[in-house]
Amino acid sequence: MKQIWIVLKQEYLNRIRKRSFVVLTLLGPVLSLCMLFIPVYLSLNTNERIHVWLQTANIRGGNFTDETFVFHHIEKIDVKEIEQEFLQEKSEADVLATYSIDQKQIVLWDKKGLSAAEQWKLKNKIQDIYVKDLVATYLPERAVAPQIQYIPLAEEIPHTDILQVAGLFCAIIIYFFIFYYGVQVMKGIVDEKVNRVVEVILCSVKPFHWMMGKILGIAAVCLTQFGFWTMIYVWIGSKFNNRYGEALTQFNDKNIQDTLHVTTDAWQALEWNVYAQGFESLPLLTIGISFFAYFILGYLLYASLFAAVGAMTDNETDTQQFTFPITAPLFITFLFAGLIISAPDSQMSMILSYFPLTSPVAMMLRIPFGVSVWEIVASVAILLTTFIFVAYQASQVFKRGVLQYGKAMSWKDVFSFGKK
Amino acid sequence: MSEILRLENVTKTFGSYTAIDHISFSLKKNSILGLLGPNGAGKTTLLRLITQIVLPDSGQIFFEGNVLSEAHRMQIGYLPEERGLYRKMRVQEQLIYFAQLRGMSSKEAKQQTTDWLTRLEITFFKDQVLETLSKGQQQKVQFISAVVHNPELLILDEPFSGFDPANAEVIKKEIKALHASGTTIIYSTHRMDTVEDVCTELLMIDHAKVVLQGEPNAIRKQFDKGYVRLIYSGALPTQIQSDIIEQKNIDATKVSYLLAPSIEKKQLLQLLINQGEVYHFEEHLPSMHEIFLQHVNKQRV
């Protein structure tokens with residue numbers, strides 16, 4: 001055990017001092033945040049504006065179009081007729097606003113499925129328009145702010161996007177760390193074979209201890225990097241909270257939501273509030289614990305396989321013929337990610353989330369949608385058992401393979417070694 | 001003197017290839033064993049068996065009377081033929097790492113590596129990355145990695161390869177010093193001169209089997225054919241003309257002869273003195289080099 005610790009410590013210190021580690025540690029959060037925010041930014045700044053039909057028979061027309069909404073005046077009186085026209089497929093309108101002067105009520109029909117922020121912004125805008133027009137048309141005393149009734153016509157799925165993003169984010173992080181650091185284990189072993197330092201090591205350390213020391217040392221590097229990234233995310237989160245936290249809390253109050261004027265801050269805060277609410281609805285504790293379990297066990301399982309491959313080959317080029325078959329299950333899970341997210345309880349999703357080579361990615365995609373604790377425990381238990389079995393087999397292959405120079409092992413060699 | 005190592009019927013195969021075939025021998029404490037044999041004879045496998053890098057298929061190895069086990073790793077030092085160190089790591093750092101792997105505390109390891117770096121005159125490079133050192137300096141670092149933990153048994157596979165003559169002398173001196181301080185040493189080499197100079201025991205293996213073992217002088221006597229080495233001027237008596245094995249002119253008058261005398265040595269000397277001038281006359285024991293070549297050639301035939 002002491003030797004595992006010595007190898008682990010040396011491996012860790014060697015790696016965290018490398019320039020590549022520092023660069024990746026610093027660039028990682030920047031790149032991942034870019035990956036997360038660029039699509040959001042692009043979607044927020046889309047040129048596709050929302051088309052709103054305004055029933056303006058009773059009020060005077062005016063150009064209210066802005067960067068979000070395009071208003072079209074419909075000068076018809078019959079509300080039923082307008083509604084029918086609006087509901088037709090070919091109609092380009094996303095939202096219809098009708099006004100009843102007697103009931104002092106505006107009805108908003110939403111065909112597109114506006115985000116909460118868009119709804120809120122539109123309600124304020126429409127109220128403004130009608131009040132201004134009423135003031136201009138009638139006597140000021142009659143210009144009372146009308147009530148707004150909002151009728152969503154599009155099917156609403158609560159926070160589905162947040163669930164998908166959370167699942168995908170965890171799965172991508174796990175995939176990245178397993179792949180990147182698994183390959184590091186393999187490369188490290190191949191390097192030591194190429195350097196011939198392996199013989200010096202093996203006269204002092206058992207092959208299994210050396211292999212485990214290396215795998216765990218790299219795991220420690222991996223956790224350090226992930227810990228640093230988490231700190232960065234938490235820091236950014238706290239900065240964000242300082243900036244918008246107060247506004248977000250205010251927006252939980254319905255009256256404030258309805259009465260606040262549209263300002264840039266308030267609008268952004270409301271937009272974030274929607275995400276924050278979605279985030280709070282996630283099973284965070286389950287995600288956190290499962291993430292850690294799948295992250296560690298998934299890495300250990302794949303690192304053992306990569307270590308065996310490293311022992312079987314004696315140059316980096318040769319490792320490629322083995323790398324693909326090993327990483328294929330993870331890769332394939334990502335090909336099915338869309339299907340898993342859209343149907344988290346389908347038979348395929350279930351199978352992939354129990355099969356140990358795919359479960360770290362597949363289960364993380366499913367968990368945000370709600371998976372029972374027993375399912376997770378069973379899947380983790382299968383993963384753990386597989387790791388123990390694979391680590392033992394890998395150490396057998398490792399023991400035989402690691403001292404072979406000059407000739408790469410064939411698949412036949414691998415299996416015959418496994419048997420012995 | 002008590003025994004440090006004993007092999008009993010040790011066999012090691014790799015697939016259908018037998019690398020070590022029922023080898024048995026024992027080694028006394030504080031001896032220097034020279035391990036000889038042509039390429040592919042099984043020398044490196046034998047050393048790897050003793051260092052527990054590979055395990056025997058059958059037979060047993062004993063260390064100080066006990067079956068060789070994990071615990072003995074710390075008492076054995078190994079300099080492999082395939083030299084290997086971390087190229088990108090600093091010199092002293094990697095030596096401390098190796099010393100710790102062999103059971104030393106970090107404080108002890110630091111002290112020992114500092115002493116050895118001073119002893120081999122490479123202290124200046126202790127904080128440099130290994131790959132910036134010359135090949136000779138790297139070999140010295142490799143040598144320190146094998147001896148840093150004060151092993152009782154030191155195994156050196158071709159210790160002089162890669163050294164220039166001056167550095168080879170330094171290493172030879174250190175091997176002798178370690179021996180003087182009580183370390184038992186096994187080394188394999190192709191350099192026969194060092195074998196005769198340094199070793200107290202010899203073991204020659206070929207085709208996975210022991211073919212020769214014993215003290216160097218005893219082995220040489222075993223191969224003694226009664227030859228005489230002679231430096232002489234004058235005409236060689238006619239009755240010994242046919243005994244000449246080889247002859248070489250030293251200068252205008254003196255000739256060096258190797259003879260396989262057909263008469264008594266005393267008679268021969270008398271005869272030579274009567275007919276000419278004798279400058280040198282000695283019994284010629286075959287060198288280890290000759291024995292080695294003789295054996296290898298016999299095998300090939």
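Calculation criteria
Residue positions are given per chain, counted from 1 along the sequence in the order it is written. As a convention, the first chain written is A and the first ligand written is 1, with the rest following in written order. Restriction of local features to residues with pLDDT of at least 70 applies here, the model being predicted, together with a cutoff of 80 or more for giving and counting side-chain atom pairs; totals for whole chains, interfaces and linings are based on all residues. Based on all heavy atoms of the structure, the side-chain values leave hydrogens and waters out of the count. Under the DSSP-based scheme used, a helix requires at least four consecutive residues in state H or I and a strand at least two consecutive residues in state E, with every element numbered from the N terminus. Relative accessible area decides the class of each residue, using a 1.4 Å probe on protein chains only: under 20% of the type maximum gives buried, over 50% gives exposed, and in between gives partly exposed. Between any two strands, pairing holds if DSSP finds at least two bridges. In this analysis, two residues are considered to be in contact whenever any of their non-hydrogen atoms come within 4.5 Å of each other. Accessible area that two parts lose when put together, with a 1.4 Å probe and added across both, is what the buried area reports. The working definition used for a salt bridge is a side-chain nitrogen of Lys or Arg within 4 Å of a carboxyl oxygen of Asp or Glu. Polar contacts here mean pairs of N or O atoms no more than 3.5 Å apart (in protein, one a potential hydrogen donor and the other a potential acceptor; neighbouring residues in sequence count only if both atoms are side-chain atoms). Note that Gly is not counted as nonpolar here; it falls among the polar residues with everything else outside the nonpolar set of Ala, Val, Leu, Ile, Met, Phe, Trp, Tyr, Cys and Pro and the charged set of Asp, Glu, Lys and Arg. A patch consists of residues exposed above 30% relative accessible area that lack any salt bridge, with like charges linked at up to 9 Å and nonpolar side chains (Val, Leu, Ile, Met, Phe, Trp, Tyr) linked at up to 5 Å. Residue exposure ignores everything except the shown protein chains as possible cover, and the areas themselves are Shrake-Rupley values with a 1.4 Å probe. Angles shown run from 0 to 180 degrees and are taken between the N-to-C directions of axes, each axis being a line fitted to C-alpha atoms and, for helices, limited to the stretch in contact. Orientation categories follow fixed angle ranges, with anything under 35 degrees roughly parallel, anything over 145 roughly antiparallel, 65 to 115 roughly perpendicular, and all other angles oblique. In plain words, nonpolar cores are sets of buried Ala, Val, Leu, Ile, Met, Phe, Trp, Tyr and Cys residues tied together by side-chain atoms within 4.5 Å. Along the chain, pLDDT gives the predictor's confidence residue by residue, from 0 to 100. Two rings from Phe, Tyr or Trp (for Trp, the six-membered ring) form a pair when their centres sit within 6.5 Å of each other. Planes less than 30 degrees apart are called stacked, planes more than 60 degrees apart edge-to-face, and all others tilted. Throughout this description, the term charge over a ring refers to an Arg CZ or Lys NZ atom that lies within 6 Å of the ring centre and within 35 degrees of the ring normal.

Visitor: Talk me through unusual backbone geometry; I want residue IDs and the actual numbers.
Guide: Residues and elements named next belong to chain B. A positive phi angle, near 50°, is found at E158, a position not held by glycine. Summarising the element assignment, E158 is placed in the loop between β7 (153-157) and α5 (165-180). Under the relative-accessibility criterion, E158 is labelled buried at 10%. The backbone of A208 sits at a positive phi, close to 75°, despite the residue not being glycine. Structurally, A208 is set in the loop between β9 (201-206) and β10 (209-214). Classification of A208 by relative accessible area gives buried; the value is 3%.

Visitor: Describe the pairing of strand β1 (residues 50-55) of chain A, naming the residues involved and giving the relevant values.
Guide: Residue and element names in this part refer to chain A. Most of β1 sits out of view: five of its six residues are buried. Two strands pair when backbone bridges link them, and β1 and strand β3 (residues 95-100) are joined in this way by three bridges, in the parallel orientation. Across the sheet, residue W53 finds its bridge partner in β3, namely L96.

Visitor: Residues and numbers for helix α1 (residues 43-50) of chain B, please.
Guide: Residue and element names in this part refer to chain B. Of all eight residues making up α1, seven are buried, and the element is well covered by its neighbours. Restricting attention to buried positions, one finds in α1 the residues K43, T45, L46, L47, R48, L49 and I50. Where α1 terminates, the next one or two residues include Q52, which has phi positive at roughly 65°.

Visitor: Quick one: what's the story with helix α14 (residues 359-366) of chain A, residue by residue and with numbers?
Guide: Side chains three or four residues apart in an α-helix point the same way, a direct result of the helix having 3.6 residues per turn. Here α14(A) lies mainly inside the structure; eight of its eight residues are buried. Those residues of α14(A) lying buried are S359(A), P360(A), V361(A), A362(A), M363(A), M364(A), L365(A) and R366(A).

Visitor: Summarise the interface of chain A and chain B; cite the residues concerned and give the values.
Guide: Reports often express the size of an interface as the amount of accessible area lost when the parts come together. Between chain A and chain B, the contact holds 22 residues from the first and 26 residues from the second. Of the roughly 2300 Å² buried between chain A and chain B on both sides combined, carbon and sulfur atoms contribute 54%. Linking chain A with chain B are two salt bridges. Close ionic contact of E199(A) with R48(B) constitutes a salt bridge, the shortest N to O distance being 2.8 Å. On inspection of chain A and its partner chain B, the count reaches nine residue pairs in polar contact (both at pLDDT 80 or more). Split by residue class, the side of chain A that touches chain B holds ten nonpolar, five polar and seven charged.

Visitor: Give me a nonpolar patch on the surface: which residues, what numbers.
Guide: Nonpolar side chains collect at one region of the surface, where F324(A), F331(A), I332(A), L335(A), F336(A) and L339(A) lie side by side and expose about 590 Å² of accessible area between them. Here the nonpolar patch takes four residues from helix α11 (residues 316-335) of chain A, the largest share from any one element.

Visitor: Pulling in residues and values, what's your account of the packing of helix α4 (residues 135-147) of chain B against α5(B)?
Guide: Helix-helix packing is characterised by the crossing angle of the two axes and by the distance between the axes. Residue and element names in this part refer to chain B. It is the contact of α4 with α5, at a shortest axis distance of 11 Å, that shows an interaxial angle of 10°. Classified by the angle between their axes, α4 and α5 sit roughly parallel to one another. Residue-level contacts link G136, K140, F143 and V147 of α4 to N167, I171, E174, I175 and L178 of α5. When grouped by side-chain class, the residues that make up the contact of α4 with α5 number five nonpolar, two polar and two charged.

Visitor: Could you give me a rundown of the nonpolar core, with the residues and numbers involved?
Guide: Membership of the largest hydrophobic core comes to 150 residues, with the highest contact counts inside it found for Y299(A), L5(B) and L153(B). Ranked by residues supplied to this core, first place goes to helix α10 (residues 284-312) of chain A with 16 residues. Excluding its chain neighbours within four sequence positions, the residues that come into contact with Y299(A) are F177(A), I178(A), Y181(A), G182(A), V185(A), I215(A), I218(A), A219(A) and Y294(A). Core analysis: the next-biggest nonpolar cluster, separate from the first, contains 16 residues, I50(A), F64(A), L108(A) and L114(A) among them.

Visitor: Any details on the confidence of the model for chain A? Residues and values, ideally.
Guide: In this model, chain A carries a mean pLDDT of 77, and residues with pLDDT of at least 70 account for 75%. Below pLDDT 50 for its whole length, residues 260-264 of chain A participates in eight contacts with residues either more than four positions away or in separate chains.

Visitor: Before we move on, could you go through the sheet that holds strand β13 (residues 254-259) of chain B and cite the residues and values that matter?
Guide: Residue and element names in this part refer to chain B. In spatial order, the strands read β12-β13-β11-β14; together these four strands make up an open sheet with antiparallel pairing. Only two strands of the sheet have a single neighbouring strand rather than two, namely β12 (244-249) and β14 (277-284). Strand-to-strand twist of the sheet, defined as the mean angle between neighbouring strand axes without regard to direction, takes the value 15°. Sheet topology places strand β11 (residues 227-233) next to β13; six bridges connect them, and they run antiparallel. Following the sheet pairing, S233 is matched in β13 by K254. Each of β11, β13 and β14 touches helix α8 (residues 265-275); the most contacted strand, β14, lies at about 165° to it.

Visitor: I'd like to hear about the environment of D191(A), residue by residue, with values.
Guide: All names here are of chain A. Note on placement: D191 falls in helix α5 (residues 160-194). Judged by relative accessible area, D191 falls into the partly exposed class, the value being 38%. For the pair formed by D191 and N315, sequence separation is 124 residues and the distance between their alpha carbons is 7.8 Å.

Visitor: Describe the side chain of S188(B), naming the residues involved and giving the relevant values.
Guide: Among the secondary structure elements, S188(B) is positioned in strand β8 (residues 184-188). In contact with S188(B), not counting residues within four places along its chain, are L35(B), K43(B), L47(B), L156(B), D157(B), E158(B) and P159(B).

Visitor: Any details on the pattern of salt bridges? Residues and values, ideally.
Guide: If charged atoms from side chains of opposite charge come close, those side chains can pair. Applying the stated criterion across every chain yields a total of 20 salt bridges over all chains. In this structure, E8(B) engages R6(B) in a salt bridge whose closest nitrogen and oxygen atoms are separated by 2.8 Å. One network of salt bridges, in which partners are shared, links E11(A), R15(A), E192(A) and K214(A).

Visitor: Go over the pairing of strand β4 (residues 58-63) of chain B with me, naming the residues and quoting the values.
Guide: Residue and element names in this part refer to chain B. In this structure, strand β1 (residues 3-14) lies alongside β4, joined through five bridges in antiparallel fashion. In the sheet register, R6 faces β4, and the bridge partner there is F62. Judged from the two bridges that link them, β4 and strand β5 (residues 66-67) form a sheet pairing that is antiparallel. Directly across from F63, in β5, lies its bridge partner N66. Here β4 folds back onto β5 in antiparallel fashion, the turn holding two residues, of which E64 has a positive phi close to 50°.

Visitor: Give a detailed account of the packing of aromatic side chains, specifying residues and quantitative values.
Guide: The tally for this structure, following the rule as stated, stands at 21 aromatic pairs over all chains. With a centroid separation of 5.5 Å and 10° between ring planes, the pair formed by F291(A) and F295(A) is classed as stacked. Here the residue F291(A) and the residue F295(A) both occupy positions in helix α10, the gap between them amounting to four residues, near one helical turn. Both residues of the pair, F291(A) and F295(A), count as buried. One aromatic cluster is present, formed by F176(A), F177(A), Y180(A), Y181(A), F226(A), W229(A), F291(A) and F295(A) through successive ring pairs. Against the face of F62(B) rests R6(B), its NZ or CZ located 4.5 Å from the ring centre. Positioned above the aromatic ring of W116(B), the side-chain terminus of R119(B) is 4.0 Å from the ring centre.

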